[in-house]
Amino acid sequence: MKCNYHTHTTRCMHAEGSDESYVRAAVAAGFDVLGFSDHVPFPFVSGYMSGIRMPMSDLNNYLASVAALRVKYAGVLTVRTGFEAEYFPRYRDHLLRLKEMGTEYFVLGQHYADSEEENPYVGLECQTDDGVRRYADAVAAGIRSGLFAYVAHPDLLMRHRSPDRFNRACEEAADTICQAADEAGMPIEYNLLGLSLQRSGNDRGYPCRQFWQYVRRWRPRVIIGVDAHSPLLLRDAALWREGHDRVEALGFEIVDHLPMDDKTEEE
Ligand SMILES: [Zn+2]
Ligand SMILES: [Zn+2]
């Protein structure tokens, strides 16, 4: 099956295209499943307004839009309802509430330590080895929380590190993440947005070759995530193929499909 569970919308303020344009792109590219996983809104108690995620005021129209597309394209494409979320222990109840509201899955994208209100972007924190350790511990806590379906861009720690700085601290971080994922039976993601940026000369540090070579010892189960912030990325068949080729060349088992509870899927 051709499935992508990592798809954004304009509500996060750094993506482009209508919700339906992502669905049309997925149909045109032959996907069986398209999961929307826009950056989750948090009801920050401090009143902090994030610049990289949908505001709480967009939550209901996001859920309604995805639900409408799911009905409209039934039989053509299975549309799934998800979010990309950090694991902020203090906002755990909020994520549980989103599940009660119909969220089918969360992708763990740990862009901040707990919580965004008080911490800089993880990519910046990970310029230091201490930051790398904090990142890995936060990801492992997220994995163990039982709330998430898979780990997005686990090699985010290399966002602002040159590849030659994949040092012992980074190896230990990779071990921490892969061990937790292994114990939870959880896939980790090979990120195609990062790959597409590398191909266009705008390397953002991940996918990091050193990271993926290193984690071969864990034999991780790997899922391909388009991380579409534009419908064009879903249509890029060469990118999809290159991602698969790279993961297969590393010898990893590819998880092509996340099982979900209901029976709406066209198997
Ligand atoms: Zn994003
Ligand atoms: Zn994403």
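Rules used in this analysis
Residues numbered from 1 in each chain as written. Chains lettered and ligands numbered in written order. Predicted model: local features only at pLDDT ≥ 70, side-chain atom pairs only at ≥ 80, totals over all residues. Heavy atoms only, no water. Helix = DSSP H or I, 4+ residues; strand = E, 2+ residues; numbered from the N terminus. Buried < 20%, exposed > 50% of the residue type's maximum accessible area, 1.4 Å probe, protein only. Polar contact = N/O pair within 3.5 Å; in protein donor to acceptor, adjacent residues only side chain to side chain. Axes fitted to C-alpha atoms, helices over the stretch in contact; angles between N-to-C directions. Left-handed = near helix turned anticlockwise from the far one by under 90°. Contact = heavy atoms within 4.5 Å. Nonpolar A, V, L, I, M, F, W, Y, C, P; charged D, E, K, R; others polar. Phe/Tyr/Trp six-rings, centres within 6.5 Å; stacked < 30°, edge-to-face > 60°. Lys NZ or Arg CZ within 6 Å of the ring centre and 35° of its normal. Donors = N, O, S within 2.8 Å, 3.2 Å for Na, K, Ca; no water. Tetrahedral: all angles 85-135°; square planar, octahedral: opposite > 155°, others 65-115°. 1 Å grid on protein atoms, 1.4 Å probe; cavity = no way out; pocket = protein on both sides within 12 Å on 5 of 7 lines; lining within 4 Å. Points joined across faces, edges and corners; volume = space filled by probe spheres on them. Pairing = 2+ DSSP bridges.

## Let's talk about the environment of T9
And then number 1: Its location among the elements puts T9 in the loop between β1 (3-4) and α1 (19-28).
And then number 2: Exposure remark for T9: the relative accessible area of 0% places this residue in the buried category.
And then number 3: Taking the C-alpha atoms as reference points, T9 and P41, separated by 32 residues in sequence, lie 13 Å from one another.
And then number 4: Within polar-contact distance, the side chain of T9 engages the side chain of R11 at 3.0 Å.

## Topic: the packing of α1 against helix α2 (residues 59-72)
For any two helices packed against each other, the geometry comes down to the angle between their axes and how far apart the axes lie.
And then number 1: Where α1 meets α2, the closest approach of the two axes is 10 Å, and the angle between their N-to-C directions is 35 degrees. Note on packing geometry: the crossing formed by α1 with α2 is right-handed. Contacts between α1 and α2 involve D19, E20 and V23 from the former and S65, L69 and K72 from the latter.
And then number 2: Looking at the contact of α1 with α2 residue by residue, the class counts come to two nonpolar, one polar and three charged.

## Topic: the packing of aromatic side chains
And then number 1: Under the criterion given, the structure shown has 18 aromatic pairs.
And then number 2: Centroid distance F42 to Y91: 5.7 Å. Interplanar angle 45 degrees. Geometry classified as tilted. In this pair, F42 is assigned in the loop between β2 (33-39) and α2 and Y91 in the loop between β3 (78-85) and α3 (92-100), connecting sequence segments 49 residues apart.
And then number 3: With centroids separated by 6.2 Å and ring planes inclined at 65 degrees, the aromatic side chains of Y112 and Y121 adopt a geometry described as edge-to-face.
And then number 4: The class of Y112 is buried, set by a relative accessible area of 10%.
And then number 5: One aromatic cluster is present, built from ring pairs that chain together F166, Y190, F211, W212, Y214 and F252.
And then number 6: Stacked on the ring of F31, the Lys or Arg K2 has its end atom at 4.6 Å from the ring centre.

## Here's the deal with the coordination of the zinc ion (ligand 2)
And then number 1: For the zinc ion (ligand 2), every protein donor is listed as H6 (NE2), H8 (NE2), E84 (OE) and D227 (OD), and the spread of their distances is 2.0 to 2.4 Å.
And then number 2: Viewed at the metal, the four donor atoms of the zinc ion (ligand 2) are separated by angles of 79 to 165 degrees, and the geometry they form is irregular.
And then number 3: Expressed as a motif, the donor residue spacing for the zinc ion (ligand 2) is H-x1-H-x75-E-x142-D.
And then number 4: A distance of 4.3 Å spans the gap from the zinc ion (ligand 2) to the zinc ion (ligand 1).

## A short note on the coordination of the zinc ion (ligand 1)
The textbook angles at a metal center are 109.5 degrees for a tetrahedron of four donors and 90 or 180 degrees for an octahedron of six.
And then number 1: Donor atoms from the polypeptide that bind the zinc ion (ligand 1) are H14 (NE2), H39 (NE2) and H229 (NE2), placed at 2.1 Å.
And then number 2: Of note, the zinc ion (ligand 1) draws all its donor residues from one chain, in the sequence arrangement H-x24-H-x189-H.
And then number 3: Its relative accessible area of 36% is what places H14 among the partly exposed residues.
And then number 4: With relative accessibility at 14%, the residue H229 sits in the buried group.

## Structural notes on the layout of surface pockets
And then number 1: Empty space within the largest pocket amounts to approximately 350 Å³.
And then number 2: Lining of the largest pocket is provided by 20 residues; of these, E104, Y105, A149, P259 and M260 occupy positions nearest its centre.
And then number 3: When its residues are assigned to classes, the lining of the largest pocket shows twelve nonpolar, two polar and six charged.
And then number 4: Reported here for the second largest pocket is a volume of approximately 240 Å³.
And then number 5: Looking at the second largest pocket, it is lined by 15 residues, and the ones nearest its centre are H14, H39, H111, Y121 and R204.
And then number 6: Among the residues forming the lining of the second largest pocket, the class breakdown is six nonpolar, five polar and four charged.

## So, the pairing of strand β7 (residues 221-225)
And then number 1: Of all the five residues making up β7, four are buried; the element is thus mostly covered by neighbouring parts of the structure.
And then number 2: The pairing of strand β6 (residues 188-191) with β7 spans four bridges and is classified as parallel. The residue bridging Y190 from the neighbouring strand is I224, located in β7.
And then number 3: As defined by bridge partners, β7 adjoins strand β8 (residues 253-254) across two bridges and the pair is classed as parallel.

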